[in-house]
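# A structural walkthrough
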Amino acid sequence: MLVLDMPRDVSKAMMAKLIRFLELRGLGTKLVPHEDGFFLLLVSGSPSPKLKERLRSLSFVRRCVDASDPFPLASTSLIKGPRRIRVGDAVVVGGGVPVVMAGPCSVEGEEQIRRMARLVKEAGASVLRGGVFKPRTNPYSFQGLGLEGLRIMSEAAREEGIPIVTEVMEPSQVGVMYPYVDVFQVGTRNMYNYPLLKELGKGDKPVLLKRGMSATVDEWLQAAEYVLSEGNFNVMLCERGIRTFEARTRNTLDLNSVALIKRLSHLPVVVDPSHGTGRRDLVLPMSLAAVAAGADGLLIEVHENPSRAKSDGDQSITPSELTRLVGMVSVLSASLGRGSELALVG
Ligand code: PEP
Ligand code: MN
């Protein structure tokens, strides 16, 4: 796909003229604004070599890139990266240092999330996770505390001065959740929810896009492209394991995808070893493996009393295990030359 890269100061009239010119030649376009200008994607039809030359020579076209992947905005052919994404005021994902996001699978109550916010921060994690809208396999399972849970969680995190990541399930929730959320999590079941991805693309809040449990890397990157093509480039990909024939673990944590995405995309990659394994005893080794494979962050489920958790107790570690995990990640990260400060400020 051919992509024209244009500076911010191109006049609206000039842009409209160019789009009309291309349409008259049977070429469909998609205009995507970004921090530094505009990308004009030629999404349908194929421009002749002569036309390509003409487009390249236009004074207001900075670059004219032939992107071979079906996800030009997510790929490195257009943007080299690596992309650094600011989360809240003081955390950066993609800055070299792995960022640990930790907390309960579900927000269960005010006291619980207050204590967890404090414990997670004390353990050295930099972002608080917690679900309030829970996509459960069974309709009778705990469905989460909803918007009230989000208010409680956001308040608890604000008191501790750490940002939050929480799952959004449908487009209509984006607006109401927006003021409380630092990172919108899109769960594995919603990776294919294109109306949701488009809605998240219209804002600029970071999005943590989990891999569909049966999605290929290409499908996952095209899902990311849905968000980017609406103008939001703050997308982190999250590997959370895929379905395989293996039954001993809940999922198979595919770390190939982490190393692969580092080659294919400029977007940061976060790994969720909790859902990736479904077993708390595998969370530490797979966290270290994820960082060694190049992960920019980890998403870890933590509970003070895992056997009593309302969801995902089997894969939740305790706060003291989190402290140990963060310490080991820090040592590994430093030895890989990626720095050892867990929250990179800047
Ligand atoms: C979660 O993070 O609790 C969750 C529901 O994750 P996933 O969408 O990966 O199953
Ligand atoms: Mn969970």
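Residues numbered from 1 in each chain as written. Chains lettered and ligands numbered in written order. Predicted model: local features only at pLDDT ≥ 70, side-chain atom pairs only at ≥ 80, totals over all residues.

## Notes on the overall build of the chain
If you tally the helices and strands in the chain, you get 11 helices and 14 strands. On C-alpha atoms alone, the chain measures out to a radius of gyration of 21 Å, which is about the 20 Å that the 2.2 N^0.38 rule sets for 346 residues. With respect to the principal axes defined by its C-alpha atoms, the chain has extents near 65 × 40 × 40 Å. Within the chain, the proportion of its 346 residues that are buried is 47%. Across the chain, the fraction of contacts at a sequence separation of at least 24, relative to all contacts at a separation of at least 6, is 67%. (Helix = DSSP H or I, 4+ residues; strand = E, 2+ residues; numbered from the N terminus. Rg over C-alpha atoms; globule rule 2.2 N^0.38 Å. Buried ≥ 20, exposed ≤ 12 C-beta atoms within 10 Å, placed from the backbone. Contact = placed C-beta atoms within 7 Å.)

## Focus: the site of ligand 1
The environment of ligand 1 is made up of Cys105, Gly131, Pro135, Gly187, Thr188, Arg189, Lys210, Arg240 and His275. For the shell around ligand 1, a count of residues per class yields two nonpolar, four polar and three charged. (Near = placed C-beta within 6 Å. Nonpolar A, V, L, I, M, F, W, Y, C, P; charged D, E, K, R; others polar.)

## With respect to the domain arrangement of the chain
Each domain of the chain was delimited in the assignment, giving domain 1 (2-66) and domain 2 (85-335). Relative placement of domain 1 and domain 2: their C-alpha centres are 36 Å apart. (Domains from an automatic or database assignment.)

## As for the pairing of strand 12 (residues 235-239)
Among the five residues that make up strand 12, five are buried, leaving the element largely enclosed by the rest of the structure. With burial as the criterion, each face of strand 12 is covered, one bearing Val235, Leu237 and Glu239 and the other bearing Met236 and Cys238. Examined bridge by bridge, strand 11 (residues 207-210) and strand 12 share four bridges and lie parallel to one another. Looking at strand 12, one finds that Leu209 is bridged to Leu237. Each parallel crossover has a hand, and for strand 11 linked through helix 7 (residues 217-228) to strand 12 it is right-handed. Relative to strand 13 (residues 269-271), strand 12 runs parallel, the two sharing three bridges. Across the sheet, residue Glu239 finds its bridge partner in strand 13, namely Val271. (Pairing = 2+ DSSP bridges. Right-handed = clockwise from strand over helix to strand, strands pointing away.)

## Re the sheet that holds strand 11
Sheet architecture is closed into a barrel: eight strands sit in the order 7-8-9-10-11-12-13-14, paired in parallel fashion. For this sheet, the mean angle separating the axes of adjacent strands, direction not counted, is 25 degrees. Contacts between helix 7 and the sheet are confined to strand 11 and strand 12, with strand 12 contributing the most and set at about 155 degrees to the helix. (Axes fitted to C-alpha atoms, helices over the stretch in contact; angles between N-to-C directions.)

## With respect to helix 11 (residues 319-335)
For helix 11, spanning 17 residues, the distance from its first C-alpha to its last is 24 Å, which sits close to the expected 24 Å at 1.5 Å a residue. Along helix 11, the residues that are buried comprise Leu322, Leu325, Val326, Val329, Ser330 and Ser333. Burial along helix 11 is one-sided: seen end-on, the buried residues are contained in an arc of 135 degrees. Facing away from the buried side of helix 11 by over 90 degrees, the exposed positions are Ser320, Val331 and Ser335. The secondary structure elements touched by the buried residues of helix 11 are strand 7 (99-103), helix 3 (110-122), helix 10 (283-293) and strand 14 (297-301). Remark: Gly337 follows helix 11 within two positions and exhibits a positive phi of approximately 75 degrees. (Expected span 1.5 Å × (residues − 1). Arc of directions from axis to C-beta.)

## Brief notes about the packing of helix 3 against helix 4 (residues 146-160)
The axes of two packed helices give the description: the angle between them and the distance between them. Contact geometry for helix 3 and helix 4: axes closest at 9 Å, N-to-C directions at 35 degrees. Judged by the sense of rotation from one axis to the other, the crossing of helix 3 with helix 4 is right-handed. On helix 4, the residues that touch Glu110, Ile113, Arg114, Ala117, Arg118 and Lys121 of helix 3 are Ile152, Met153, Ala156, Ala157 and Glu160. The residue makeup of the contact of helix 3 with helix 4, split by class, is six nonpolar, no polar and five charged. (Left-handed = near helix turned anticlockwise from the far one by under 90°.)

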